[in-house]
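An overview of the molecular structure
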Amino acid sequence: MPVAYSFTAPSAKSIQDHFNNNTVASSLYIIMAQPLQNDAPSFCLCFFETDNKFRTEHVMNRWKYMIAKLKSYGITVVGVSSDGDSRLMKAMRINTNLGIQTANFQIISDSFKIPEFHANVCPKFICTQDTVHIGGKSNQDC
């Protein structure tokens, strides 16, 4: 997670020093939340700048941190979604164990397994591609 207040700017000189001595972010990363309560609007949970050089492991660590932090406030994360970023999609695949190959036909705990396919039936949270982006990328007339 980003470190809050790590780039304070009490003067124009400090701003100039930040630009000269640090990597300038190339992207803004926004994490939105959608409460499950009827008529509750979605809201921005957090946002931060990034040089876009993070890896799947960073995504998974960020999710773990955010889920634990929200849980400490009595908030349960039901699912996550992404606009298709390969690092987030890979983190989703890892979370659900989707595509893990096995030659086992048994039902084991919360997982259903058949040859060449495996997925958790009850993952810790649901993973989906963001439906807004799916709709925006669709070439079909509705």
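Now for a look at the structure at hand. (Residues numbered from 1 in each chain as written. Predicted model: local features only at pLDDT ≥ 70, side-chain atom pairs only at ≥ 80, totals over all residues. Heavy atoms only, no water.)

Turning our attention to the nonpolar core. Judged by nonpolar contacts, the single largest core of 14 residues is most densely connected at Y29, I31, V59, W63, V80 and L88. If sequence neighbours within four positions are ignored, V80 has contacts with W63, M92, F125, I126, C127 and T128. (Core = buried A, V, L, I, M, F, W, Y, C linked by side-chain atoms within 4.5 Å. Buried < 20%, exposed > 50% of the residue type's maximum accessible area, 1.4 Å probe, protein only. Contact = heavy atoms within 4.5 Å.)

To continue, consider the pattern of salt bridges. By the definition in use, this model includes 3 salt bridges. K13 serves as the salt-bridge partner of D17, at 2.8 Å between the closest nitrogen and oxygen. Highlighted residues: D17 and K13, both in helix 1 (residues 12-21), separated by 4 residues, approximately one helical turn. A salt bridge links E57 to R55; the shortest N-O distance between them is 3.2 Å. (Salt bridge = Lys/Arg side-chain N within 4 Å of Asp/Glu carboxyl O. Helix = DSSP H or I, 4+ residues; strand = E, 2+ residues; numbered from the N terminus.)

Below, the discussion takes up the packing of aromatic side chains. The tally for this structure, following the rule as stated, stands at 2 aromatic pairs. Geometrically, the ring pair formed by Y29 and F48 is stacked, given 5.2 Å between the ring centres and 20 degrees between the ring planes. You can see Y29 sitting in strand 1 (residues 27-33) and its partner F48 sitting in strand 2 (residues 43-50), a full 19 residues away along the chain. Accessibility assignment for this pair places Y29 and F48 in one class, buried. Centroid distance Y29 to F54: 5.5 Å. Interplanar angle 85 degrees. Geometry classified as edge-to-face. Residue Y29 is located in strand 1, and its partner F54 is located in the loop between strand 2 and helix 2 (56-72); the two are separated by 25 residues in the primary sequence. No difference in accessibility class separates Y29 from F54, as the two residues are buried. In textbook terms, an aromatic cluster arises when at least three aromatic residues are bridged by ring pairs, as seen for Y29, F48 and F54. Here R62 stacks its cationic end above the ring of Y29, 4.5 Å away from the centre of that ring. (Phe/Tyr/Trp six-rings, centres within 6.5 Å; stacked < 30°, edge-to-face > 60°. Lys NZ or Arg CZ within 6 Å of the ring centre and 35° of its normal.)

In contact at an axis separation of 8 Å, helix 2 and helix 3 (residues 86-96) are set at 65 degrees when each is read in the N-to-C sense. The chirality of how helix 2 crosses helix 3 is right-handed. On helix 3, the residues that touch T56, V59, M60 and W63 of helix 2 are R87, L88, K90, A91, M92 and I94. Tallied by class, the residues present in the contact of helix 2 with helix 3 amount to 7 nonpolar, 1 polar and 2 charged. (Axes fitted to C-alpha atoms, helices over the stretch in contact; angles between N-to-C directions. Left-handed = near helix turned anticlockwise from the far one by under 90°. Nonpolar A, V, L, I, M, F, W, Y, C, P; charged D, E, K, R; others polar.)

All chains considered together, the criterion is met by 0 disulfides. Of all cysteine sulfurs in the structure, the one in C46 sits closest to C44, which takes part in no disulfide; the separation is 6.5 Å. (Disulfide = S-S within 2.5 Å.)

Put simply, the largest pocket is a space of about 1,300 Å³. What lines the largest pocket is a set of 38 residues, and nearest its centre among them are I31, M32, A33, G79 and S81. Of all elements in the fold, only strand 1, strand 2, helix 2, strand 3 (79-82), helix 3, strand 7 (126-129) and helix 4 (131-137) reach the threshold of two or more residues within the lining of the largest pocket. Here the element with the most residues in the lining of the largest pocket is strand 1; it accounts for 7 residues. Of the voids in this model, the second largest pocket is the one considered here, and its volume is about 940 Å³. As for the second largest pocket, its lining consists of 26 residues, of which S6, F7, A25, E49 and T50 are closest to the centre. Of all the secondary structure elements, the ones that give two or more residues to the lining of the second largest pocket are helix 1, strand 2 and helix 2. With 4 residues, strand 2 is the largest single contributor of residues to the lining of the second largest pocket. In the lining of the second largest pocket, the residues fall into 15 nonpolar, 8 polar and 3 charged. (1 Å grid on protein atoms, 1.4 Å probe; cavity = no way out; pocket = protein on both sides within 12 Å on 5 of 7 lines; lining within 4 Å. Points joined across faces, edges and corners; volume = space filled by probe spheres on them.)

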